[in-house]
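Chain by chain, the residues:
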Amino acid sequence: MSLLGRLLINRRAGEAHMAWNLPNLQGPEVVALTSRHFGDGEAMPAAHAEKYAGGDNLSPHLAWTPPPPETAQLLLVVEDIDVPVGKPAVHCLALVDPASGHLEAGALNAREPAPGVRLLKSTIGRGYHGPAPVKGHGPHHYVFQLFALAAPVDGGPGATSVDRARPRTLLPAITAPALARGRLTGVFER
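To keep things clear, this report deals only with the structure shown in the data block.

Calculation criteria
Note that residues are indexed from 1 along each chain, following the sequence as it is written. Local features are withheld for residues below a pLDDT of 70 in this predicted model, meaning they are given only at 70 or higher, and side-chain atom pairs are given and counted only at 80 or more; totals for whole chains, interfaces and linings count all residues. Neither water nor hydrogens contribute to the side-chain values; these are computed over all heavy atoms in the structure. Think of it this way: any DSSP run of H or I at least four residues long counts as a helix, any run of E at least two long counts as a strand, and we number them from the N terminus. Based on C-alpha atoms, the radius of gyration is set beside the globule rule, defined as 2.2 Å times the residue count to the power 0.38. Each residue is assigned to one of three classes by its accessible area relative to the maximum for its type, calculated with a 1.4 Å probe on protein chains only: buried under 20%, partly exposed between the two thresholds, exposed over 50%. Contact definition: two residues touch when any of their heavy atoms are within 4.5 Å. Areas reported here follow the Shrake-Rupley algorithm with a probe of radius 1.4 Å; residue values treat only the protein chains shown as occluding. Neither His nor the chain ends contribute to the count of charged residues, in which Lys and Arg are positive and Asp and Glu negative. A charged residue contributes its charge at one atom only: NZ of Lys, CZ of Arg, CG of Asp or CD of Glu. Any two strands are treated as partners once DSSP identifies two or more bridges connecting them.

### Considerations on the overall build of the protein
Next up, step 1: Broken down by element type, the protein carries 3 helices and 10 strands.
Next up, step 2: For 190 residues, the compact-globule estimate of 2.2 N^0.38 gives 16 Å, and the C-alpha radius of gyration of the protein, at 16 Å, lies within 12% of that figure.
Next up, step 3: If one aligns the C-alpha atoms of the protein with their principal axes, the spans along those axes are about 50 × 30 × 30 Å.
Next up, step 4: The buried share of the protein, reckoned over its 190 residues, is 51%.
Next up, step 5: Relative to all contacts within the protein whose residues are 6 or more apart in sequence, the contacts with residues 24 or more apart total 79%.
Next up, step 6: For the protein, the exposed surface amounts to about 8800 Å²; the carbon and sulfur share of it is 56%.
Next up, step 7: Separation of charge centres in the protein, based on 17 positive and 16 negative side chains, amounts to 10 Å.

### Here's the deal with the pairing of strand S6 (residues 89-96)
Next up, step 1: Where burial is concerned, most of S6 is hidden: 8 out of the 8 residues are buried.
Next up, step 2: Inspection of the sheet shows strand S5 (residues 73-80) paired to S6 by 7 bridges, in the antiparallel sense. Each bridged residue has a counterpart across the sheet, and for valine 77 the counterpart in S6 is leucine 93.
Next up, step 3: With 3 bridges connecting them, S6 and strand S8 (residues 117-119) associate as antiparallel partners. In the strand pairing of S8, alanine 94 is matched with leucine 119.

### Focus: the sheet that holds strand S2 (residues 33-34)
Next up, step 1: The sheet built from 3 strands is open, its strands ordered S2-S4-S7 with antiparallel pairing. Looking at which strands have only one partner, the edges of the open sheet turn out to be S2 and strand S7 (102-103).
Next up, step 2: Note: S2 against strand S4 (residues 62-64), 2 bridges, orientation antiparallel. Counterpart to threonine 34 in the pairing with S4 is alanine 63.

Right under this line is the structure:
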């Protein structure tokens, strides 16, 4: 156990400030979000962790039940709710074509995102950034949240303000109604 992990053991961001709890992202229907790599509340395989945490930084496979037919865009938010700061760390933020139905492993790679995936800025950078908690800090919960939106987040192709926005500015500013939402939590510890 590292000294830093022991010092921060009781400090965690918690769920209060995660995207799931934002008033503008509340949705009446539920989309079932799953992965073939781990179940809800289960340990994430090391392959999905950051390279310096012993992994390959490979985004996991994600699949979901069909969103409502009026869905214009899907918003994927991945947050570490156990990071030892005031708010969860956004590990990935992406806009996804609702027709895709799933994302294969590696689809959120910053250099080569899958077709229909638009990667936005996260707390760490663009693309998927896997688990890399402080050693000895205990288990960290990585919450994959999918929101089915009634309208696109941005003004369409060529809009750059969404691409430059920080997650904590962008997420509360989304005005498109959330038609449905789903979540999947993976756990990782060092």
